[in-house]
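# Remarks on the overall topology
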Amino acid sequence: NSFVTRTNTCGELRSAHVGQKVTLYGWIQYQRQGLFLVLRDFQGLTQVVIPQDEAHSHVRELLSNAPVESVVRVTGTVSPRPLGQQNPKMPTGDIEVKAEAAEVLNSCKKLPFEIKDFVKKSEALRMQYRYLDLRSSRLQSNLRLRSRVVMRMREYLCNLHGFVDVETPTLFKRTPGGAKEFLVPSREAGKFYSLPQSPQQFKQLLMVGGLDRYFQVARCYRDEGSRPDRQPEFTQIDIEMSFVDQAGIQRLIEGLLQHSWPEERGSIMTPFPSMTYEEALAEYGTDKPDTRFGMKIVDISDVLRGSNIHFVQNALSYPHGSIRAICIPQGVRYLKNKDLESLKESAKSQFNQEIMEVIRRPDGSLKSLLTKFLGEKEQSELIQALNMQKDDVMLLAAGDDKQVCSALGALRLLSADLLEAAGLALRDPTAFHFLWVVDFPLFLPKAENPTELESAHHPFTAPHPSDSSLLYSDPTKVRSQHYDLVLNGNEVGGGSIRIHSAEQQRFVLEKVLKEDSEVLSHLIEALEFGAPPHGGIALGLDRLISLIVDAPSIRDVIAFPKSFRGRDLMGNAPDYVTPEELEPYHIQVSWPLEEKEAKKN
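Note that this is a predicted model, so its numbers are computed, not measured. (Residues numbered from 1 in each chain as written. Predicted model: local features only at pLDDT ≥ 70, side-chain atom pairs only at ≥ 80, totals over all residues. Heavy atoms only, no water.)

### A word on the nonpolar core
If you look at the biggest cluster of nonpolar residues, it comprises 50 residues, and the most contacted ones within it are Ile239, Ile253, Leu257 and Leu485. The dominant element in this core, judged by the number of residues it contributes, is helix α4 (residues 137–161), at six residues. Setting aside its immediate chain neighbours within four residues, Leu257 contacts Met153, Ile268, Phe272, Phe434, Leu485, Leu539 and Leu544. Listed in part, the 22 residues of the second largest apolar core include Leu343, Ala347, Val404 and Leu411. (Core = buried A, V, L, I, M, F, W, Y, C linked by side-chain atoms within 4.5 Å. Buried < 20%, exposed > 50% of the residue type's maximum accessible area, 1.4 Å probe, protein only. Helix = DSSP H or I, 4+ residues; strand = E, 2+ residues; numbered from the N terminus. Contact = heavy atoms within 4.5 Å.)

Here you go:
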């Protein structure tokens, strides 16, 4: 209550305050028949008794007629609630304030929706009236928890470990590779700034500048179009250190998260487990595994190698062919036939992968189109390989390793959703399973032209020390010093040890990636002036907080988010500008025909 004219907030009055005269400010959440109202502010709720005597008739009239969500000031005396009228669900439920004076500071017009967490409202309406949605206890709680976590992170990095908080420029130039960047016109004809997708180059240059330890709560921008649960502007906890290795960065982040973790979410255990990229793909079909539940992918190629099943032998005849499977626990009991069909259809439509099911009956035998081709020994080995129990369902796939693993990885997650929807508790919503994924490939074939390579993450990542020589002879086999931090199947952070040799950086850009190194000449030149070995990481703050509070979308932990299509529905941005405003930037808009007609009309 410092610096303000209230004596207390609406969430702090207790029996110990009985008899005190208080002044409260807040919004009217609820008013009942002119007898009492509930006043709300950021901290909680207080019941206010509206006076019924003639001496306070003006107060009664004022408070009885004020619309819900009007802002009022109330002065009165704290009293115990009458016997039997206490509300144990409210922290202030033992008391009430008997109003003696009041003022309506601002009356509220008819609301587009009720300010209550349980009232369903469309996402578009919530974003159009975001300032009203922010009054809900859920968003208030999310934003306050976010603020506390960031403050604890600052404390850990700056006060305990000597990091320097540095703001880096938002207006910069285009970076080769990676996500698309937003362009900002300049007054020089044909020249544009880019909004950086991360402060990557600047934080490396700060290491060249000798700052040793850098940190920033960084605003980042990516023009990714309509991608679900992504934002065109987002926030990273951005970190870079000199003279550090991968293990050092990992220990730093584990300590940072342990220090800043909200007490009400329990504690997190360190060190976090680690898994290689290859292991993650083989066992989970993804590089961001949800390790809260089993159902791992199992390679059963050796079990079926001796069978005379045509599609099995066909798959195994290829260099990277395999037979793999997942086991759905209690699938017979919890999944309907239509669920199994939808899983098979999903694998077919998304991955062009055929799936075959095998059911273990209550008597222990297997039911499948495959069983007539399998002897008792093979059936027994199959049951053992997947530890199949009675009523379990196996989903089996044959073909190219990567395709099979990707398809089964997706089916693993879809199956988990179906099992939980049917009532089987599989993933503990209060559990937080962190995981480091390491040893990523340094380069991947381009999707549009597999003969060319692109950086698996970004072109500044250093090769694994054991694979350095392969960089010049067979770059496709080089592992990187990149590491991702995964939480409950979501990537919440990623970083790497960087290339600090100008010669190696130039080779990667020009010879491997076939990029014009001139665009990065400033960085390459900086590496020639005694750049220290360095590495870093960025944590996605929006994603991390949304997982901590179990929000359905990252929009629920951002004060003013953009819509699915990247629009601000409240302020109607982006918006048109006049030709006169564009003139200094040497830009003319070429309108699509239908928009020309729309503007005419």
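Resuming the write-up.
### Observations regarding the packing of aromatic side chains
All told, the structure shown has 10 aromatic pairs when counted by the stated rule. A centroid spacing of 4.5 Å and a plane angle of 55 degrees characterise the contact between Phe172 and Phe202, whose relative ring orientation is tilted. Here Phe172, found in the loop between β6 (164–165) and β7 (183–185), pairs with Phe202, found in helix α5 (residues 200–208); they are 30 residues apart in sequence, far enough to count as distant. The burial state of Phe172 is the same as that of Phe202; both residues are buried. Consider the rings of Tyr277 and Phe440, whose centres lie 5.1 Å apart with planes at 40 degrees: the pair is tilted. Highlighted residues: Tyr277 in helix α7 (residues 277–284) and Phe440 in the loop between β17 (434–438) and β18 (443–445), separated in sequence by 163 residues. Each member of the pair, Tyr277 as well as Phe440, is classed as buried. Between Arg427 and the ring centre of Phe293, over which it is positioned, the NZ or CZ distance is 5.6 Å. (Phe/Tyr/Trp six-rings, centres within 6.5 Å; stacked < 30°, edge-to-face > 60°. Lys NZ or Arg CZ within 6 Å of the ring centre and 35° of its normal.)

### Some thoughts on the side chain of Arg126
Note on placement: Arg126 falls in helix α2 (residues 123–128). Of note is the side chain of Arg126, whose polar atom sits 2.7 Å from the side chain of Asp133. Setting aside its immediate chain neighbours within four residues, Arg126 contacts Phe113, Lys121, Asp133, Arg138, Leu139 and Asp556. (Polar contact = N/O pair within 3.5 Å; in protein donor to acceptor, adjacent residues only side chain to side chain.)

### Considerations on helix α15 (residues 502–512)
Along α15, the residues classified as buried are Ala502, Gln504, Gln505, Val508, Leu509 and Val512. Residues of α15 that are buried in the fold lie against β18, β19 (453–455), α14 (470–473) and α16 (521–527).

### Quick look at the state of the cysteines
In the structure shown here, the tally under the stated rule is zero disulfides. A disulfide-free cysteine, Cys220 has its sulfur positioned 17 Å from the sulfur of Cys158, the nearest such atom. (Disulfide = S-S within 2.5 Å.)

### Looking at the domain arrangement of the protein chain
Taken as a whole, the protein chain is organised into domain 1 (15–106), domain 2 (140–275 + 433–556) and domain 3 (293–422). On a C-alpha basis, the centroid separation for the pair domain 1 and domain 3 is 63 Å. (Domains from an automatic or database assignment.)

### A word on the environment of Phe215
With respect to the element layout, Phe215 can be found in strand β9 (residues 213–221). When the C-alpha positions of Phe215 and Ala538 are compared, they lie 9.5 Å apart, and in sequence the two are 323 residues distant. Among residues more than four places away in sequence, those in contact with Phe215 are Arg154, Leu157, Cys158, Phe163, Val164, Asp165, Val166, Ile237 and Asp238.

### Some thoughts on the pattern of salt bridges
All told, the structure shown has 41 salt bridges when counted by the stated rule. Measuring nitrogen to oxygen at the nearest pair gives 3.6 Å for the salt bridge that ties Arg138 to Asp556. Residue Arg138 is found in helix α4, and its partner Asp556 is found in the loop between α17 (541–548) and α18 (579–582); the two are separated by 418 residues along the sequence. For Asp556, a relative accessible area of 3% gives the class buried. One salt bridge connects Arg305 with Asp302, and the closest N-O pair in it is separated by 3.0 Å. (Salt bridge = Lys/Arg side-chain N within 4 Å of Asp/Glu carboxyl O.)

### Re helix α11 (residues 337–351)
For α11, which comprises 15 residues, the first-to-last C-alpha distance of 21 Å matches the rise-based estimate of 21 Å (1.5 Å per residue) to within 8%. Of the positions making up α11, those classed as buried are Asp339, Leu340, Leu343, Ser346 and Ala347. One side of α11 carries all its buried residues, which in axial view fall inside an arc of 115 degrees. The exposed residues of α11 that point more than 90 degrees off its buried face are Asn337, Lys338 and Ser349. Elements that come into contact with the buried residues of α11 comprise β13 (321–328), α10 (331–334), β14 (356–360), β16 (393–400) and α13 (401–421). (Expected span 1.5 Å × (residues − 1). Arc of directions from axis to C-beta.)

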